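Here's the letter readout for the chains.
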Amino acid sequence: MKNEGKIVTQIPLTNLWTDKEDIYAQRKRYLTDENIHALLKKTPIEFVIADLGMKLEWISGKKSFDFWKSKVKSHIANDIDKIDPDKFPDNYAYVASEWLSEIGTPIILLEKYH
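K.L.:
Can you tell me about the sheet that holds strand β3 (residues 25-31), naming the residues and giving the values?
P.N.:
One open sheet holds the five strands; their spatial order is β3-β6-β7-β4-β5, and the pairing between them is mixed. With one partner strand each, in any of the chains shown, β3 and β5 (57-59) form the two edges of the open sheet. Between one strand axis and the next, the sheet turns by 30° as a mean value, whatever way the strands run. Of the pairings in the sheet, the one linking strand β4 (residues 46-50) to strand β7 (residues 107-113) comprises five bridges and is parallel in character. Among the inter-strand pairings, alanine 50 is bridged to a residue of β7, identified as glutamate 111. Where helix α1 (residues 33-42) meets the sheet, it contacts β3, β4, β6 (93-101) and β7, and its direction lies at approximately 120° from that of β3.

Take a look at the structure:
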């Protein structure tokens, strides 16, 4: 496997990958919690969590809406210029961005700050 064991070494990310391959994608825009909620109403989404020192975690398909409601919504930093993780539950925040890719399904990258 090409990327097995590859971890996040810097944030913000400049590229995305799975254990098997690189994903050819580029960041389109940063998102607020309202933007994400609107996207979830329209189409299935691939969430990707980037946390320093960890592998990218992909959450897709039917799991994405439940994941959004239970694990993500309360952690979205709507002002990416002023991120204070201590003001979020469990002292971490996500900067969310939409990526355009070859897979067709919208990708929302969640870069974790703690």
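Still more to cover.
K.L.:
Give me the packing of aromatic side chains: which residues, what numbers.
P.N.:
A full pass over the atoms with the stated rule returns two aromatic pairs. Taking 5.5 Å as the distance between ring centres and 75° as the angle between the ring planes, the aromatic pair formed by tyrosine 92 and tyrosine 94 counts as edge-to-face. Tyrosine 94 matches tyrosine 92 in its accessibility class, with the two residues each being buried. Lying across the ring of tryptophan 17, lysine 6 places its NZ or CZ 4.2 Å from the centre.

K.L.:
Please give an account of helix α2 (residues 63-72) that cites residues and values.
P.N.:
Among all positions of α2, only Ser64, Phe67, Trp68 and Val72 are buried. All buried residues of α2 project into a common sector of 105° when viewed along the axis, lining one side. Exposed residues pointing more than 90 degrees away from the buried face of α2 are listed as Asp66, Lys69 and Ser70.

K.L.:
Talk me through the pairing of β4; I want residue IDs and the actual numbers.
P.N.:
With five of five residues buried, β4 is to be regarded as a mostly interior element. Across the two faces of β4 the burial is the same, with Glu46, Val48 and Ala50 and Phe47 and Ile49 all buried. Sheet topology places β4 next to β5; three bridges connect them, and they run antiparallel. Looking across to β5, one finds that phenylalanine 47 is bridged to isoleucine 59. Hairpin connection from β4 to β5: six residues lie between these consecutive antiparallel strands, with glycine 53 at a positive phi of about 85°.

K.L.:
Help me get a handle on the pattern of salt bridges, residues and values and all.
P.N.:
Under the criterion given, the structure shown has five salt bridges. In this structure, the salt-bridge partner of glutamate 111 is arginine 27, at a minimum N-O distance of 3.2 Å. Of this pair, glutamate 111 sits in strand β7 while arginine 27 sits in strand β3, and the two are 84 residues apart along the sequence. Between aspartate 51 and lysine 112 there is a salt bridge, and its shortest N-O distance comes to 3.9 Å. Of this pair, aspartate 51 sits in the loop between β4 and β5 while lysine 112 sits in strand β7; the two residues are 61 residues apart in sequence, bridging distant segments of the chain. Each member of the pair, aspartate 51 as well as lysine 112, is classed as buried.

K.L.:
Explain α1 to me, and be specific about the residues and the numbers.
P.N.:
Those residues of α1 not exposed but buried are Ile36, Leu39 and Leu40. Down the axis of α1, the sector holding all buried residues measures 100°, keeping them to one side. Opposite the buried face of α1, at more than 90 degrees from it, the exposed residues are Glu34, Lys41 and Lys42. If you follow the buried residues of α1, they end up packed against β3, β4, α2, β6 and β7.

Definitions and limits used
Residues numbered from 1 in each chain as written. Predicted model: local features only at pLDDT ≥ 70, side-chain atom pairs only at ≥ 80, totals over all residues. Heavy atoms only, no water. Pairing = 2+ DSSP bridges. Helix = DSSP H or I, 4+ residues; strand = E, 2+ residues; numbered from the N terminus. Axes fitted to C-alpha atoms, helices over the stretch in contact; angles between N-to-C directions. Contact = heavy atoms within 4.5 Å. Phe/Tyr/Trp six-rings, centres within 6.5 Å; stacked < 30°, edge-to-face > 60°. Buried < 20%, exposed > 50% of the residue type's maximum accessible area, 1.4 Å probe, protein only. Lys NZ or Arg CZ within 6 Å of the ring centre and 35° of its normal. Arc of directions from axis to C-beta. Salt bridge = Lys/Arg side-chain N within 4 Å of Asp/Glu carboxyl O.

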